[in-house]
Every structure is written in structure tokens, then in C-alpha cells.
Amino acid sequence: MGIKRLASFIRPLFKECKLEEFSGKKIGIDGMAWIYQAFFSFGDYVDSNHLAMIRIFEKKIQILDDANIDYLFVIDGKELPCKKLNFEKKARKREQYLQRVANKKKTKSSNQQETDEDDDSVDNSSDENRFLKYSKYIDKDLKYFFIDYLKFKNIKYYVSPYEADSQLMYFYQTKMIDIIVTEDSDLIAYGCNHIINGVKFNGLCNYLDLTKAGNMKKYPNIQLFTKLRFLSSSWWTKGSMCS
């Protein structure tokens, strides 16, 4: 989901550290974030490169193993029925981007036929890649591919009934995990106090501990701010509650 402006508001509270500092901790990872990062890390967005994705997964998992972290993954399950209109809207946007790509290619082909030596011609390849990127989405096949990989590696994972965020928060509340690794701000709204994001291949990451942020004068009403930002940006309210 992501909560508008919340991430930028909270960012100063994150501190850079090494994953090895969490040795022995139980960490729950938003598997969808890993899939998104691997999938959209390619320069070519036409076809997914499963081998390249596996290499990315391998590197990150090795970092977790080297840090002696007990981890598990949670992956999205079914789409929320109440989000049907939102999903349909996104699907229409993807179709629009695909149409833009087709138009760009048609224009480019037409220009090349007119002359191959026109110094004023414009290279639209970057626009094509950008529109292709926006048109792509994580389908069931990619989720199953990641699940098969986790099975093969004998890595603990769970498929949430619906979205991974709520399942991760349940594990956090029941002390099944100590920290959540996610790239979204949703978990802050759920009330998670320990979050890691921005995990890099060198083992560095960003860590948020909201239990130590309560005394900071700059953030006296962080819970209230979170609620207001949620209401103002969420598709649930369509931003009608506040600005």
C-alpha cells in the first residue's frame, strides 16, 4: 500500500547499521518486496530473467546467513476483494503504458524508414523502457517461482491469506519474530516498532526502532501523524478525510 509522505517523515529516524548487529534475532521478511526489487532491477523489462533473480536472492540470503539471523518469508496470498476497483485501475494504467510503448515503437520505426542519417532524430529507447517498467506487475507465476526457490533452499516461508503486511504484523505481535524487513511504510501504521529496510549486498541496512524515538521532540505525535497520513492517502478513503 504505502502511506503518502509517511516514509519521508520517518526517514530521519532510521539509522544505518550492519545486519550482523541483529545476530540471533528472528526476522520476518516481506517476500513481495524481494520479488519486486529483483524483477525491476533489470534494464530490460520485456522478459523476466529468472536466473538473474535467483542470483539476487542468493546474495541477499547469504548475507542473512552470514549474520546468523533466524529468518522467514511471508508472501502475498489472494487479492483483497475490497481492493477490486483499485486493482482494475492499476490494470488500466498498465494497458495505457503498453499502448505508449507501442506508439513509441511505431514512431521510431517510421522515422528510421524515412532516413537512417537524420541527425535530428530522437532516441526513444529510454522512454520505451520506462513505460515497459510501469506496465509490468508481479503475477502469480513470479510468486510461485519464488516459492519454488524457497522450497528448494529449504527456507521457511508462509503464504498470507491475503497481503503479507498483516501476516507479518501478526507474527510480530505474537513474538514469533522480533523485526520486520519491508520497504513499505504500512507496518508503521500497523504499530510495528522495529523495522529494517534498504538491505544492501554489503550487509548494510537501515534500522528503525520506534521505542527509542518517542523521546525525540521532533516526533511527539508520530502515531497521530501516521493515522492522518493514512487517511489522507489511502485508497480506502481516496484522500477525502484530510489533505
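So, here is what we can say about the structure in this document. (Residues numbered from 1 in each chain as written. Predicted model: local features only at pLDDT ≥ 70, side-chain atom pairs only at ≥ 80, totals over all residues. Heavy atoms only, no water.)

### As for the pattern of salt bridges
All chains considered together, the criterion is met by one salt bridge. For K153, the salt bridge is made with E58, and the minimal N-O distance between the two is 3.5 Å. Residue K153 is located in the loop between α6 (140-152) and β4 (157-159), and its partner E58 is located in helix α3 (residues 50-66); the two are separated by 95 residues in the primary sequence. We classify E58 as partly exposed; its relative accessible area is 31%. (Salt bridge = Lys/Arg side-chain N within 4 Å of Asp/Glu carboxyl O. Helix = DSSP H or I, 4+ residues; strand = E, 2+ residues; numbered from the N terminus. Buried < 20%, exposed > 50% of the residue type's maximum accessible area, 1.4 Å probe, protein only.)

### Here we look at the environment of L19
For L19, the position within the fold is in the loop between β1 (15-18) and β2 (26-30). Residue classification places L19 among the buried residues on the basis of a relative accessible area of 3%. Distance from L19 to N206, taken between C-alpha atoms, is 9.1 Å for residues 187 residues apart in sequence. Here L19 is in contact with I63, L64, A67, I69, I196, V199, G203 and C205, once residues within four sequence places are set aside. (Contact = heavy atoms within 4.5 Å.)

### Let's talk about the packing of aromatic side chains
Scanning all chains against the criterion turns up nine aromatic pairs. Where F57 meets Y149, the ring centres are 5.5 Å apart and the plane angle is 40 degrees; that geometry is what we call tilted. Separated by 92 residues along the polypeptide, F57 in helix α3 and Y149 in helix α6 bring together distant segments of the chain. Between F73 and F146, the aromatic rings sit 5.5 Å apart at their centres with planes inclined by 85 degrees, giving edge-to-face as the arrangement. Remark: F146 occurs in helix α6 and F73 occurs in strand β3 (residues 70-75); sequence separation between them is 73 residues. Each member of the pair, F73 as well as F146, carries the same accessibility label: buried. Through a chain of ring-to-ring contacts, the aromatic side chains of W34, F57, Y71, F73, F146 and Y149 assemble into a single cluster. (Phe/Tyr/Trp six-rings, centres within 6.5 Å; stacked < 30°, edge-to-face > 60°.)

### As for α3
Along its 17 residues, α3 runs 24 Å from first to last C-alpha, staying within 8% of the 24 Å computed at 1.5 Å per residue. Here α3 has its buried residues at A52, M53, I56, F57, K60, I61, I63 and L64. One side of α3 carries all its buried residues, which in axial view fall inside an arc of 170 degrees. For α3, the exposed residues set more than 90 degrees away from the buried face come down to R55, K59 and D66. Its buried side turned inward, α3 meets β2, α2 (31-39), β3 and α6. Of the residues one or two after α3, N68 is the one with positive phi, at around 60 degrees. (Expected span 1.5 Å × (residues − 1). Arc of directions from axis to C-beta.)

### Some words on unusual backbone geometry
Positioned with a positive phi, N154 is a non-glycine residue whose angle comes to about 60 degrees. If you trace the backbone, N154 turns up in the loop between α6 and β4. Even without glycine at this site, K175 takes up a positive phi of about 65 degrees. Mapped onto the elements of the fold, K175 is located in the loop between α7 (164-173) and β5 (179-181). Its relative accessible area of 63% is what places K175 among the exposed residues.

### Looking at the pairing of strand β6 (residues 194-197)
Burial along β6 is two-sided: H194 and I196 facing one way and I195 and N197 facing the other are all buried. Pairing between β5 and β6: two bridges, direction parallel. Considered in β6, the bridge of V181 is made with I196. Adjacent in sequence and paired antiparallel, β6 and strand β7 (residues 204-209) are bridged by six residues, among which G198 carries a positive phi angle near 60 degrees. (Pairing = 2+ DSSP bridges.)

### With respect to the side chain of D209
You can see D209 is positioned in strand β7. Given a relative accessible area of 15%, D209 falls into the buried group. A distance of 2.4 Å separates polar atoms of two side chains, one belonging to D209 and the other to T211. The residues contacting D209, other than those within four sequence positions of it, are N193 and H194. (Polar contact = N/O pair within 3.5 Å; in protein donor to acceptor, adjacent residues only side chain to side chain.)

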